[in-house]
Amino acid sequence: MRERVWLGRCPDYDGEALFEKISGAFEALGVYDSIKPGMTVVLKPNLIQSSKPQAAICTHPAFTQAVGKCVQRAGGKVLIAESPGGPYSPAVMKAVFRNCGYTDMAESCGFSLYTDCKSREVSLPEGERCRRVSIVEPFLERDFLIDLPKLKTHCMVGYSGAVKNMFGAVPGLQKPELHCRFPEKEDFSKALVDICAFLRPDFSLMDGVWAMEGDGPTGGLRRDTGFIGASRSPYALDVCMAGLLGFPEGSLPMLAESARRGLGPKSFTETELLGESPEGLQVADFKRARASSTDFIDRLPGFLRPAAKKLSTPYPRIQKQGCVGCGKCAESCPQKAISMEGGRAVISYKACIRCFCCHEMCPRHVVGVKRLGLFQW
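On a predicted model such as this, the values are computed, not experimentally measured, just so you know.

Parameters at a glance
Residues numbered from 1 in each chain as written. Predicted model: local features only at pLDDT ≥ 70, side-chain atom pairs only at ≥ 80, totals over all residues. Heavy atoms only, no water. Helix = DSSP H or I, 4+ residues; strand = E, 2+ residues; numbered from the N terminus. Buried < 20%, exposed > 50% of the residue type's maximum accessible area, 1.4 Å probe, protein only. Contact = heavy atoms within 4.5 Å. Lys, Arg positive; Asp, Glu negative; His and termini not counted. Charge placed at Lys NZ, Arg CZ, Asp CG, Glu CD. Phe/Tyr/Trp six-rings, centres within 6.5 Å; stacked < 30°, edge-to-face > 60°. Expected span 1.5 Å × (residues − 1). Salt bridge = Lys/Arg side-chain N within 4 Å of Asp/Glu carboxyl O. Core = buried A, V, L, I, M, F, W, Y, C linked by side-chain atoms within 4.5 Å. Patch = residues over 30% accessible without salt bridge, like charges linked within 9 Å, V, L, I, M, F, W, Y side chains within 5 Å. Areas by Shrake-Rupley, 256 points an atom, 1.4 Å probe, with all protein chains shown as cover. Pairing = 2+ DSSP bridges. Right-handed = clockwise from strand over helix to strand, strands pointing away. 1 Å grid on protein atoms, 1.4 Å probe; cavity = no way out; pocket = protein on both sides within 12 Å on 5 of 7 lines; lining within 4 Å. Points joined across faces, edges and corners; volume = space filled by probe spheres on them. Nonpolar A, V, L, I, M, F, W, Y, C, P; charged D, E, K, R; others polar.

**Side note on the overall build of the protein**
So, point 1. Each helix and strand counted, the protein has 14 helices and 17 strands in total.
So, point 2. By principal-axis analysis of the C-alpha atoms, the protein measures approximately 60 × 45 × 40 Å.
So, point 3. When the 377 residues of the protein are sorted by exposure, 57% land in the buried category.
So, point 4. Within the protein, contacts between residues separated by at least 24 positions form 75% of all contacts whose residues are at least 6 apart in sequence.
So, point 5. Computed over 49 positive and 41 negative side-chain charges, the inter-centroid distance for the protein is 7 Å.

Spelled out as structure tokens, the structure:
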């Protein structure tokens, strides 16, 4: 049976229109029938760092609000939970919710925000790369889990969507530990699939009203793509949404791995599309992250590939004139490759594994992604 994916045009975050559109996705995919009165429904937005909704870094609070109201219509109780990058504590989590526009929204709607910040280590018996990991407690104890990713590029794995969003269930600074354990993007992508397959979100809705192109997931530019997508399968949703942005089939290791395991489809053609036609939603010129793969290496003679890979691998570079010495990059670095010297951050490239955690977590977006000029075409 083919997985069903619902697509809908949504030009802005107008409250009533957005609610009706998302409610249509609930109806089309049978979600209203699955949420029973009294169920605790955990909503997992992408709140990677404190940022204003206009930056398109995080799942827009209006989008999460509309989903929560649909849950309430079905009789469920809404709990919003997340673990951003960096330290994970009640004080930090309250600040992130407040700065992302979630605190007032949740209070006005009667939603609960999870700020206890408790987690526990679990085994992933079916994991192929990641066999043990800590998970924030609400994701383990929920009655129903709704995955609310933001449509974005990603400097390490190319694309950030429904599967990648489940990485946020890992608490705070344990995320860099996983980057350290799996420094290559192929292995890290497999670990992401392991975590998503363990958590098994019951429903995924993607906020693509405003997306992020270029050097995502935090340093790119907002792109008003004007559509949203939904599916019971996070893998099928990602395949379709990445396809709308023009990513070629098989080009994203995370989705290729999902297909290899039989968790999701390889392409649009293996899904059942509902809602609006994809032809009217495609974005032909969506800008990729500069850390994307350089496929030409595979066409070189074998003895040249190691050197070519080393030369072509993008790396983080700090714009010193903009660095304020906050230390967020050093705090998030799994290899401890960043030190503070003279009130500025300095990277030791001998220790750097190119995971781009520093790029993701810099609040001033002064950690850029660079590649040797020869390879920047």
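Let's pick the thread back up.
**Thoughts on the packing of aromatic side chains**
So, point 1. Throughout the structure, instances matching the rule amount to seven aromatic pairs.
So, point 2. Here Phe26 and Tyr32 contribute two aromatic rings whose centre-to-centre distance is 5.2 Å and whose plane-to-plane angle is 45°, an arrangement assigned as tilted. The exposure classification of Phe26 matches that of Tyr32, with both residues buried.
So, point 3. Aromatic side chains Tyr315 and Tyr349 sit 5.6 Å apart centroid to centroid with 85° between the ring planes, which places their arrangement in the edge-to-face category.

**Details of helix H9 (residues 185-199)**
So, point 1. Taking 1.5 Å as the rise per residue, H9 with 15 residues should run 21 Å; its terminal C-alpha atoms sit 21 Å apart, in good agreement.
So, point 2. Downstream of H9 by one or two residues, Arg200 has phi in the positive range, about 45°.

**As for the pattern of salt bridges**
So, point 1. Scanning the model with the defined rule gives 20 salt bridges in all.
So, point 2. Residue Lys21 is joined to Glu276 by a salt bridge in which the shortest nitrogen-to-oxygen separation is 3.6 Å. Note that Lys21 is positioned in helix H1 (residues 15-28) and Glu276 in the loop between strand E13 (271-275) and helix H12 (305-312), a separation of 255 residues in sequence.
So, point 3. Two residues, Arg223 and Glu213, come together in a salt bridge whose shortest N-O distance is 2.9 Å. In this pair, Arg223 is assigned in strand E11 (residues 221-223) and Glu213 in strand E10 (residues 203-213), connecting sequence segments ten residues apart.

**Brief notes about the nonpolar core**
So, point 1. By size, the foremost hydrophobic cluster in this structure holds 111 residues, and its most contacted members are Ile22, Phe26, Ile146 and Leu205.
So, point 2. Look past the residues within four positions of Leu205 in its chain and what remains in contact with it is Ile22, Ala25, Phe26, Phe63, Val67, Ile146, Asp147, Leu148, Pro149, Gly229, Ala230 and Leu237.
So, point 3. Core analysis: the second largest hydrophobic core is formed by 14 residues, Ala330, Ala337, Ile338 and Cys352 among them.

**Some remarks on helix H3 (residues 61-73)**
So, point 1. Look at H3: 18 Å from first C-alpha to last across 13 residues, which is about the 18 Å you get at 1.5 Å a residue.
So, point 2. If you check which residues of H3 are buried, you get Pro61, Phe63, Thr64, Ala66, Val67, Gly68, Cys70 and Val71.

**Some points on a negative patch on the surface**
So, point 1. Taken together, the side chains of Asp12, Asp14, Glu16 and Glu20 present a region of like negative charge at the surface.
So, point 2. Position of Asp14 among the secondary structure elements: in the loop between strand E1 (3-9) and H1.
So, point 3. Residue Asp14 is classed as partly exposed on the basis of its relative accessible area of 43%.

**Quick look at the pairing of strand E2 (residues 40-45)**
So, point 1. Counting buried residues in E2 gives five out of six residues, a clear majority hidden from the surface.
So, point 2. Two elements, E2 and strand E3 (residues 77-80), share four bridges in a ladder whose sense is parallel. The partner of Thr40 across the bridge, within E3, is Lys77.
So, point 3. For the handedness criterion, the β-α-β arrangement of E2, H3 and E3 is classed as right-handed.
So, point 4. Across five bridges, E2 lies against strand E7 (residues 144-148) in parallel orientation.

**So, the environment of Gln65**
So, point 1. In this structure, Gln65 sits in helix H3.
So, point 2. Between the C-alpha atoms of Gln65 and Phe19, which are 46 residues apart in sequence, the distance is 8.4 Å.
So, point 3. Setting aside residues no more than four positions away along its own chain, Gln65 makes contact with Met105, Cys109 and Phe111.

**Some thoughts on the side chain of Ser23**
So, point 1. Tracing the backbone shows Ser23 in helix H1.
So, point 2. In this structure Ser23 comes out as buried when scored by relative accessible area, which is 4%.
So, point 3. In contact with Ser23, not counting residues within four places along its chain, are Tyr32, Cys70 and Arg73.

**A closer look at empty space enclosed by the protein**
So, point 1. This model, assessed by the stated rule, comprises three cavities of 30 Å³ or more.
So, point 2. Ile48, Lys164, Phe167, Lys175 and Glu360 are the residues nearest the centre of the largest cavity, which is lined by 24 residues in total.
So, point 3. Of all elements in the fold, only strand E8 (150-154), helix H7 (162-165), helix H8 (174-181) and helix H14 (357-361) reach the threshold of two or more residues within the lining of the largest cavity.
So, point 4. Residues of the lining of the largest cavity, tallied by class, amount to seven nonpolar, eleven polar and six charged.

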